[in-house]
Amino acid sequence: MHFKLIRTIARQEWNSVFRSKTTFVLFFVLLAVSLLAVYTGWQYAGKFNLQQAAASSEVHKQWMSQPNRHPHRVAHYGYLVFREKSPLSFFDFGLDSYVGNSVFLEAHRQNTLNMSEAGFSNGMLRFGELSMAMVLQLLVPLFIIFIGFQTVSGLKENGVLKILLCQRASYMDVLVGKTAGLTAVTWSLFLPLLILGLAAGITLVPGSAAADMAIRIVLIVFSYAVYFLIITLIVVTVSAMSSSAKNALILLVLIWMLFFVVMPKSAQTLGSSLFEAPGKIEFERAIEADVSEAGDSHNPDDPHFANLKARTLKKHGVDSIQALPLNYGALVMQEGENITSAIFNRHFDRLISTYKSQNAVSTAFGFADPFLAIRNISMNLAGTDFDSFTAFQKQTEQFRFEKTKRLNNIHLTQVSFKNNATQRVSAKNFREMPDFIFQPVPIGQNLIASSASLIALLFWAAGGFIVLNIVSSKLKYQ
């Protein structure tokens, strides 16, 4: 390859694109949409987190103001926990609007997440939300198509390509030069906008760790840079293979519809068909069936709890639960809690495994559709992906179990079996319990989750240059 010629062709492509008024019109439209998306996303995330913090503070205040009570009543009094949006959620909403952000925690019962945006939506959510990630993933490819569809086919139509090839330039030099010029235009227009949008957004959203955010921003910018390069390679390849600019434009628009409408829906439908997940009612019934089989703490004749009673009496060398040095009722409750929690966790892990299998189909489709690959990476790095949702659900269940266990232990040691119905314990016992703090998914885990999609993007970039080389070697495309 002749790098000097490639540089010259790239510079001419740069000048040609910026001489066109269409480029500026399209860019300013996308700029306005992007700024609107950043502002509305930041405003929504900030307001949402403030509301969550106020609600969380109110719940904690009510918990701390409880009077002296029986610990089992406190266990049923329950506790409400919330999940704040991640600092980068203003950039990519991901699954945030479709999963719940709060859960009510109580003894003997594992509740699912509630209060999702989709649950309050009037149905407009199905048409998508305006986020900066959506602009970069869906609309910037259209921008590249409209500024680049005639980049090579136009040269064929006006005969300039033959003049170039009669000189020292090879067809591959022309294609690489065109790709470099269009990529430089896209990067110079949208990467600074992306960096400024992310930096401004996390500055205005409290609670973001500087080092973690810096790594995430660098990876997001790198991923979108590769994504824009891939789209440019596709545009240049199609333009090179087309006999006219009109044909190139029609084919590129069809490819856009295939990549951004047909394949994502197909991947979702195929994943759901291959790995069918149970509905909410079916899921809860399966848990209830397993709990009934394992042992019913409210049934005095239940074999499991009859055995527990016998072992406890033998251990303490007494012949009745009234003679035990501890509150047997609390022991039974904790045993029931151990059973229900273990069963719930087993069913929940199975359900999550099913959803992950469905998501794996979408990830595999990333090797056939670069949009799916960048969408997965963007959600993972923004902390709005499936892993963030499951981490919250698992952490809340662990918190619920530990809190109930502490209350049962107070019941076990501080409430006598004889006075079980009337005795109260000091509220200080409840006030000393730790509050729930959600631990976000670390960046390392996000990278592992998005590794296949990152490989898919790099595969597309390398494959794009290979295809470009094959096209350049075919005389029928010159």
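Residues numbered from 1 in each chain as written. Predicted model: local features only at pLDDT ≥ 70, side-chain atom pairs only at ≥ 80, totals over all residues. Heavy atoms only, no water.

Trainee: Sorry if this is basic, but what is going on with the overall build of the protein here?
Mentor: Counting its secondary structure elements, the protein contains 18 helices and 2 strands. Scaling as 2.2 N^0.38, a compact globule of 478 residues should have a C-alpha radius of gyration of about 23 Å, whereas the protein reaches 30 Å, well beyond that. Considering only C-alpha atoms, the protein reaches an extent of 105 × 40 × 40 Å along its principal axes. The 478 residues of the protein split such that 49% are buried. For the protein, long-range pairs separated by at least 24 residues make up 81% of all intrachain contacts whose partners lie at least 6 apart in sequence. Working note: accessible area of the protein is about 23600 Å², and carbon and sulfur atoms make up 62% of it. A gap of 9 Å separates the mean positions of the 41 positive and 31 negative side-chain charges of the protein. (Helix = DSSP H or I, 4+ residues; strand = E, 2+ residues; numbered from the N terminus. Rg over C-alpha atoms; globule rule 2.2 N^0.38 Å. Buried < 20%, exposed > 50% of the residue type's maximum accessible area, 1.4 Å probe, protein only. Contact = heavy atoms within 4.5 Å. Areas by Shrake-Rupley, 256 points an atom, 1.4 Å probe, with all protein chains shown as cover. Lys, Arg positive; Asp, Glu negative; His and termini not counted. Charge placed at Lys NZ, Arg CZ, Asp CG, Glu CD.)

Trainee: Would you mind going over the UniProt feature "transmembrane region" (unreviewed entry) in the protein with me for this structure?
Mentor: Here the UniProt-annotated "transmembrane region" (unreviewed entry) positions come out as residues 24–42, 130–149, 184–205, 217–241, 247–263 and 447–471. Secondary structure content for residues 130–149 is 85% helix and 0% strand, while the C-alpha to C-alpha distance between its ends is 26 Å. (UniProt positions renumbered as here; feature names shortened; annotations may be inferred.)

Trainee: Please explain unusual backbone geometry as it appears in this structure.
Mentor: Note on backbone geometry: most residues besides glycine have negative phi, and most peptide bonds are trans. Not every positive phi belongs to a glycine, and His108 is a case in point at roughly 70 degrees. Here His108 shows up in the loop between β2 (102–105) and α4 (117–120).

Trainee: I keep staring at the pattern of salt bridges and nothing clicks. Help me out?
Mentor: Pairing between side chains becomes possible if they bear opposite charge and their charged atoms approach one another. In total, this model carries 9 salt bridges according to the counting rule given. A salt bridge links Glu13 to Lys178; the shortest N-O distance between them is 2.7 Å. In this pair, Glu13 sits in helix α1 (residues 3–19) while Lys178 sits in helix α8 (residues 171–204), placing the two residues 165 residues apart along the sequence. Across the pair, exposure class does not vary: Glu13 and Lys178 are buried alike. Ionic pairing is found between Lys85 and Asp96, a salt bridge with its closest N-O pair at 3.5 Å. One end of the pair, Lys85, is in the loop between β1 (79–82) and β2; the other, Asp96, is in the loop between β1 and β2, and 11 residues separate them in sequence. When salt bridges that share partners are traced, they join Arg83, Lys85 and Asp96 into one network. (Salt bridge = Lys/Arg side-chain N within 4 Å of Asp/Glu carboxyl O.)

Trainee: How should I be thinking about the packing of aromatic side chains in this particular structure?
Mentor: To describe a pair of aromatic rings, you give the distance between the ring centres and the angle between the ring planes. Scanning all chains against the criterion turns up 26 aromatic pairs. Consider the rings of Phe259 and Trp460, whose centres lie 5.7 Å apart with planes at 80 degrees: the pair is edge-to-face. Placement of the pair is Phe259 in helix α10 (residues 245–274) and Trp460 in helix α18 (residues 451–472), with a sequence separation of 201 residues. When its relative accessible area of 9% is taken as the criterion, Phe259 is described as buried. Seen from their ring centres, Phe392 and Phe436 are 6.0 Å apart, and the 75 degrees between their planes marks the pair as edge-to-face. Of this pair, Phe392 sits in helix α15 (residues 386–414) while Phe436 sits in the loop between α16 (428–431) and α17 (443–449), and the two are 44 residues apart along the sequence. Pair check on accessibility: Phe392 and Phe436 agree, each one buried. (Phe/Tyr/Trp six-rings, centres within 6.5 Å; stacked < 30°, edge-to-face > 60°.)

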